[in-house]
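Chain by chain, the residues run as shown.
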Amino acid sequence: MSQEASSINMYQASIPIMVRALTNLKAILSKAQAWAEEKKIDEKVVLNARLALDMLPFVKQVQIATDTAKGAAARLGGVDVPAYPDDEATFAELHQRLQKTIDFMESVDAAGFAGSETREIVLKFPSRTIEFTGLNYLTGFAIPNLFFHVTTAYAILRHSGAPLGKTDFLGG
C-alpha cells in the first residue's frame, strides 16, 4: 500500500522518532558508564572500542548519530544545521553532545516542516553528491543512517561487556 507524500506529517515522522533514539542512546551510555566505573575500565577504552578493526569506534558512532539527527531536523525544518566539533573524549562530553542535539531538535518549529516532503535536499560528500526529496531523504537516508549508528554504538557496548539488552535499545 503506497502512501502519498502529501498525507505524511514530516515533523511527526522524524523528530519524535529521532529524539527517542537519541534519548535511548543516552540511557545506554549511562548504563555503560556505570558498568565501566564498576569494573574499573578506563572510559577511553570504551569510547575507542569497535566491533571490527576497520569500523569506526564507539565515540564516532555517537557523533555520526547526532550529526544525522540534527542534520535531518534542520534540513527538513528549514533551519541551518548546527556544527559541532567532533572532540568528545569522555562519557560526560558524549552526554552533553546527545543532550545538545535533543535540545536543538526539540527547538525546531514544526511549522518549518510544512512542505518538506517535496523539498530538495542535497548532501555533499567528498566522493559524491546525493540529491533527495525530503521524504526520500527522511525515509531512505536519515532514519536508516541514524539507526545504523545507534545500533552499532549499542552493539559495541554490548560486545564490550556492558549489561545491555533489547529493552535498553527500544527504551521505555
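This text goes with the structure placed above it.
Numbers given to residues run from 1 along each chain, matching the order in which its sequence is written. This being a predicted model, a pLDDT of at least 70 is required before a residue's local features are given, and a value of 80 or more before pairs of side-chain atoms are given or counted; all residues contribute to the totals for chains, interfaces and linings. The side-chain figures draw on all heavy atoms in the structure; neither hydrogens nor water molecules are used.

## Re the overall build of the protein chain
The following threshold applies: Put simply, DSSP H or I for four residues or longer makes a helix, DSSP E for two residues or longer makes a strand, and each gets a number counted from the N terminus. Note that the radius of gyration is over C-alpha atoms, with the globule rule given as 2.2 Å times the number of residues to the power 0.38. The classification of residues rests on relative accessible area computed with a 1.4 Å probe and restricted to protein chains. Under 20% of the type maximum is buried, over 50% is exposed, and intermediate values are partly exposed. Note on contacts: a residue pair qualifies if any of its non-hydrogen atoms lie within 4.5 Å across the two residues. Using the Shrake-Rupley algorithm and a 1.4 Å probe, accessible areas are obtained, with residue cover drawn only from the displayed protein chains. Charged-residue counts in this description rest on Lys and Arg as positive and Asp and Glu as negative, His and the chain ends being excluded. A single reference atom marks each charge: NZ on Lys, CZ on Arg, CG on Asp, CD on Glu.
Helix and strand content of the protein chain: 6 helices and 2 strands. Taken over C-alpha atoms, the radius of gyration comes to 17 Å for the protein chain, in line with the 16 Å a tight globule of 172 residues would show. For the C-alpha atoms alone, the extent of the protein chain along its principal axes is close to 50 × 40 × 30 Å. For the protein chain, the proportion of its 172 residues judged to be buried stands at 44%. Long-range contacts, defined here as pairs at least 24 residues apart, represent 70% of the contacts in the protein chain between residues at least 6 apart. Of the roughly 9000 Å² of accessible surface on the protein chain, 54% is carried by carbon and sulfur atoms. Both charge centroids of the protein chain, one from 17 positive and one from 19 negative side chains, sit 5 Å from each other.

## Observations regarding the pattern of salt bridges
Condition: Any Lys or Arg side-chain nitrogen found within 4 Å of a carboxyl oxygen on Asp or Glu counts as a salt bridge.
According to the stated counting rule, one finds 6 salt bridges in the structure shown. Ionic contacts of the salt-bridge type, sharing partners, join the residues Lys60, Asp67, Lys70, Asp86, Glu88 and Arg97 into one network.

## As for unusual backbone geometry
Not every positive phi belongs to a glycine, and Lys40 is a case in point at roughly 60°. Within the secondary structure, Lys40 is located in the loop between helix H1 (15–39) and helix H2 (43–47).

## Some remarks on the packing of H1 against helix H3 (residues 58–77)
Filter applied, for reference: Here the axes come from fitting lines to C-alpha atoms, over the contacting stretch only for helices, and the angles between their N-to-C directions go from 0 to 180 degrees. Relative orientations are named as follows: roughly parallel for angles under 35 degrees, roughly antiparallel for angles over 145 degrees, roughly perpendicular for angles from 65 to 115 degrees, and oblique for any other angle. What makes a crossing left-handed is the near helix being turned counterclockwise from the far one by less than a right angle; a clockwise turn instead makes it right-handed. Under the scheme applied, nonpolar residues are Ala, Val, Leu, Ile, Met, Phe, Trp, Tyr, Cys and Pro; charged residues are Asp, Glu, Lys and Arg; polar residues are all the others, including Gly.
Relative orientation of the contacting elements H1 and H3 amounts to 160°, with a least axis distance of 10 Å. Between H1 and H3, the crossing angle belongs to the class labelled roughly antiparallel. For the pair H1 and H3, the sense of crossing is left-handed. Note on element contacts: H3 touches H1 through Phe58, Val62, Ala65, Thr66, Ala69, Ala72 and Ala73, opposite Ile15, Met18, Leu22, Leu25 and Leu29. Considering only residue class, the contact of H1 with H3 consists of 11 nonpolar, 1 polar and no charged.

## A few points about the packing of H3 against helix H4 (residues 91–107)
Viewed as axis vectors pointing N to C, H3 and H4 meet at an angle of 10°, and their least axial separation amounts to 9 Å. Judged by the angle between their axes, H3 and H4 are roughly parallel. Each of Phe58, Val59, Val62, Gln63, Thr66, Asp67, Ala69, Lys70, Ala73 and Ala74 in H3 lies in contact with H4, whose residues at this interface are Leu94, Arg97, Leu98, Thr101, Phe104 and Met105.

## A few points about the side chain of His149
Tracing the sequence through the fold places His149 in helix H5 (residues 134–160). Residue His149 is classed as buried on the basis of its relative accessible area of 8%. Discounting residues that sit within four places of it in the chain, His149 has contacts with Gln61, Ile64 and Ala65.

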